[in-house]
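Architecture at a glance
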Amino acid sequence: LSKSRHLNFLDIFITVTIGWCLVPVANFITLHALQSEEGVGLLGFKEYPVVETISNYFKFDACVYIAHFLVIASDAYGFKMLKRINFAYLVSRVGRTLWAMDILKKIKKLCISAFCENYLNAEEMITVYDRITNIFLYFVTAAIIAQILSVNIGIAISSVLSLGGLGTIILSLASKSVAEQLVSGIGLSTSGQFVEGEKIKLGDGTKGRIFKIGVTHVELRLSDETIVRIPNSQIFDQRIVNLSRMHRNQVKQTLRFRYEDIDKMPIVTEEIKAEIMASCPKLIKMNRPFRVHWRGIEKDHLEVVVDCRFNIPPTGTARWDNRQEVLEAICRAVKRCGVEFARPSFSVESDCKVAEER
């Protein structure tokens, strides 16, 4: 008997030591004794979490030992409930189920990382897929544990699960809108249309920089520094322009000239075109439109449209600096031709109508 007790205590000592001391000791050895040139030890816990998995297994074994002690102690004091429901066996099955779920989570994340590593927004895709699959994994684990409890204790959980099946329970826990956001989030993540930090423009005119991509929503930082939270389904149904991935920019300006300078319009358009070409080195002269045309004779002015493209992204300070250079070039050409811009004119009749309405 003494020998048997010695063996039991030795087993407990080994289980506790491996469960709670293996990882710290291995980390110490890795960081101080077996450290490689890149700063990652031979065990490489982040890449190969084998040591942590072994440690968790022995922790669950220690819990089973504790459960055995509780059963023996309660039985000695006349409390037969734990022995009748086979409490130690119950803890063992539940603990190993949780341990298996932990292993599946790690394997699942490695598979998701390998699948998404070639995408531009790999980190966002991994996060979204990992969270969604975790929900399914947690539900399956909970169902297995519930079945274990129902068999060993007699709790009528199986009858609850049979009320509508897996689909009914999922629909009862998650509303239609949440499921829609999740599906839209998967679509946005796999499409690779944008990542955090990029500036986009939506079909409804909303323009901003991606602050955060969540499972059910996207946070957009607008130009006034306000953060707008937009549901994934609303973004998924709109046209999206990723301004951060554009490398060209358009500058279009409508000019108004007086009727007195109508004879100078051909010269003015040529001068404006030549001045822009000389002043703006980023101007695209080939394969893209570059137009300066007299396009209309309106009631109170002559209309000239300047339309040109540049090898400059449509975001940031460079875009506005370039637009200013174009406007300055237009002003220099207009002054050189000796013409003036037409001022907006208002009829007396329209002014009277406005006054009467007020």
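Right, let's walk through the structure included here. (Residues numbered from 1 in each chain as written. Predicted model: local features only at pLDDT ≥ 70, side-chain atom pairs only at ≥ 80, totals over all residues. Heavy atoms only, no water.)

In this section: the nonpolar core. Core analysis: the biggest nonpolar cluster contains 24 residues, and Phe257, Ile272, Ile276, Val306, Phe310 and Ile330 have the highest contact counts within it. Where this core is concerned, the elements lending two or more residues are strand S6 (249-257), helix H10 (265-279), strand S8 (302-310) and helix H11 (317-337). At 6 residues, H11 tops the list of elements feeding residues into this core. Contacts of Ile272, omitting those with residues within four sequence positions, involve Leu255, Val292, Val306, Ile330, Ala333 and Val334. Listed in part, the 12 residues of the second largest apolar core include Ile200, Ile210, Ile213 and Val218. (Core = buried A, V, L, I, M, F, W, Y, C linked by side-chain atoms within 4.5 Å. Buried < 20%, exposed > 50% of the residue type's maximum accessible area, 1.4 Å probe, protein only. Helix = DSSP H or I, 4+ residues; strand = E, 2+ residues; numbered from the N terminus. Contact = heavy atoms within 4.5 Å.)

All right, on to the packing of aromatic side chains then. As enumerated under the stated definition, the model contains 3 aromatic pairs in all. An angle of 85° between the planes, with centres 6.0 Å apart, marks the rings of Tyr57 and Phe58 as edge-to-face. Note on Tyr57: relative accessible area 28%, which makes it partly exposed. Taking 4.9 Å as the distance between ring centres and 65° as the angle between the ring planes, the aromatic pair formed by Tyr57 and Trp99 counts as edge-to-face. One end of the pair, Tyr57, is in helix H2 (residues 50-76); the other, Trp99, is in helix H4 (residues 87-116), and 42 residues separate them in sequence. Trp99 gets classed as partly exposed once you look at its relative accessible area, which sits at 22%. Connected via pairs of aromatic rings, a cluster forms that spans Tyr57, Phe58 and Trp99. Taking NZ or CZ as reference, Lys273 lies 5.4 Å from the ring centre of Phe290, over its face. It is Arg319 that lies over the ring of Trp320; its NZ or CZ is 4.3 Å from the centre. (Phe/Tyr/Trp six-rings, centres within 6.5 Å; stacked < 30°, edge-to-face > 60°. Lys NZ or Arg CZ within 6 Å of the ring centre and 35° of its normal.)

Now for the pairing of S8. Taken across its 9 residues, S8 has 8 buried, putting it largely inside the fold. Taken together, the 9 bridges between S6 and S8 define a ladder with antiparallel strand orientation. Considered in S8, the bridge of Lys252 is made with Asp307. Looking at chain direction, strand S7 (residues 291-297) and S8 are connected through 6 bridges and run antiparallel. Looking across to S8, one finds that Val292 is bridged to Val306. The turn joining S7 and S8, which pair antiparallel and follow one another in sequence, is formed by 4 residues. (Pairing = 2+ DSSP bridges.)

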